[in-house]
Amino acid sequence: MTEQLLYDMILYFENDPKRIHHLIKVYEFGKLIARNENLDKKTIQTIELACLIHDCGIKIAERLEHSSAGPLQEKYGPEIVYQLLSNYPLEDDIKNRIAYLVGHHHTYINITGLDYQILVEADFLVNILEDNMTIDQINLIKNNIFKTKMGIFLLDTLYLK
């Protein structure tokens, strides 16, 4: 199912290689973190699908608001999640959770659930490089946001050692 969604997301972001590369990297980091947290298969599937689809709100935000700001992605993303996942044989609770995660993935307070935590960490692991963040910014993110053992390991290994 993740391979089909990856294909669908590549089509969704066609002619936008930056966004396609971004979602693939977030997906791979999210998958790596999730599989090192001893989670059940359903939670891992939710994380992997959420990582693939997390930025789906960008296109509408840019079209309607001329901005890709995080809060706008969160505003428009959940409706797109339901559209993109409508043909997938997923339980409603998984679709609802993915929509919730997409609608909150730029909100860093009150992170509830390991799936939410992992999506945020995976997205940061990619955004740090893409946004050319400073060491001070990276340390602040590490101290205030990162919680998983693998996420911290990746952050340290990629940016702080």
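Position numbers for residues start from 1 in each chain and track the written sequence from start to end. Local features are withheld for residues below a pLDDT of 70 in this predicted model, meaning they are given only at 70 or higher, and side-chain atom pairs are given and counted only at 80 or more; totals for whole chains, interfaces and linings count all residues. Side-chain measures were taken over the full set of non-hydrogen atoms in the model, leaving aside hydrogen atoms and water.

Q: Quick one: what's the story with the pattern of salt bridges, residue by residue and with numbers?
A: Salt bridges are counted wherever a side-chain nitrogen of Lys or Arg sits within 4 Å of a carboxyl oxygen of Asp or Glu. Evaluated as defined, the whole model comprises ten salt bridges. Put simply, Lys31 and Glu28 hold a salt bridge, and the shortest N to O gap is 3.5 Å. Placement of the pair is Lys31 and Glu28 together in helix H2 (residues 17-35), with a separation of three residues, close to one helical turn. With its nearest N and O atoms 2.6 Å apart, the salt bridge here joins Asp93 to Lys42. In this pair, Asp93 is assigned in helix H6 (residues 92-102) and Lys42 in helix H3 (residues 41-53), connecting sequence segments 51 residues apart. Of the residues examined, Asp93 reaches a relative accessible area of 42% and is grouped as partly exposed. Think of it this way: any DSSP run of H or I at least four residues long counts as a helix, any run of E at least two long counts as a strand, and we number them from the N terminus. Exposure is judged per residue with a 1.4 Å probe applied to protein chains only, and the accessible area is read against the type maximum: over 50% gives exposed, under 20% gives buried, and values in between give partly exposed.

Q: If you had to explain the packing of aromatic side chains to someone new, which residues and values would you point to?
A: Each aromatic pair joins two rings of Phe, Tyr and Trp (for Trp, the six-membered one) with centres within 6.5 Å, and gets the label stacked for planes under 30 degrees apart, edge-to-face for over 60, and tilted for any other angle. Across all of its chains, the model carries three aromatic pairs by this definition. Considering the side-chain rings of Tyr100 and Tyr116, the 6.1 Å spacing of their centres and the 85° angle between planes classify their relative orientation as edge-to-face. Here Tyr116 lies in helix H7 (residues 114-130) and Tyr100 lies in helix H6, a separation of 16 residues in the sequence. Each ring, one from Tyr108 and one from Phe124, has its centre 4.9 Å from the other, and the planes form 45°; the classification is tilted. Note that Tyr108 is positioned in the loop between H6 and H7 and Phe124 in helix H7, a separation of 16 residues in sequence. Overall, Tyr108 belongs to the partly exposed group, its relative accessible area being 31%. Overall, the relative accessible area of 8% leaves Phe124 in the buried class. Looking at Lys59, its charged tip hangs above the ring of Tyr12, at a distance of 4.3 Å from the centre. By the criterion adopted, a ring carries a charge over it if an Arg CZ or a Lys NZ lies within 6 Å of its centre and within 35 degrees of its normal.

Q: Can you tell me about helix H1 (residues 2-12), naming the residues and giving the values?
A: When H1 is considered as a whole, its buried residues turn out to be Thr2, Leu5, Met9 and Tyr12. One side of H1 holds all its buried residues, which, seen down the axis, span an arc of 70°. Residue contacts are counted whenever heavy atoms from the two residues lie within 4.5 Å of one another. In this structure, the buried residues of H1 make contact with H2, H3, helix H4 (58-65) and helix H5 (70-84). In this description, the arc belongs to the directions extending from the helix axis to the C-beta atoms.

Q: Got a sec to walk through unusual backbone geometry? Specific residues and values, please.
A: For Asn15, which is not glycine, the phi dihedral falls at a positive 65°. Despite not being glycine, Asn132 shows a phi value in the positive range, around 50°.

Q: Any chance you could break down the side chain of Thr46 for me, citing the residues and the numbers?
A: Inspection of the secondary structure assignment puts Thr46 in helix H3. Exposure remark for Thr46: the relative accessible area of 6% places this residue in the buried category. Residues in contact with Thr46, not counting those within four places in the same chain, are Ile94, Arg97, Ile98, Leu101 and Asp115.

Q: Just give me the short version of the side chain of His22, but keep the residues and values in it.
A: For His22, the position within the fold is in helix H2. Those residues in contact with His22 that sit more than four places away from it in its chain are His54, Asp55, Asp123, Val126, Asn127 and Glu130.

Q: For the nonpolar core, give the residues involved together with the corresponding values.
A: Here, the term nonpolar core denotes a set of buried Ala, Val, Leu, Ile, Met, Phe, Trp, Tyr and Cys residues that are joined through side-chain atoms within 4.5 Å. Counting residues in each nonpolar core, the largest one holds 51 residues, and the members touching the most others are Met9, Ile53, Cys56 and Ile98. A total of nine residues in this core trace back to one element, the largest contributor, which is H7. Contacts of Met9, omitting those with residues within four sequence positions, involve Leu23, Leu52, Ile53, Cys56 and Leu84.

Such coordinate-based values are descriptive only and should not be taken to indicate function.
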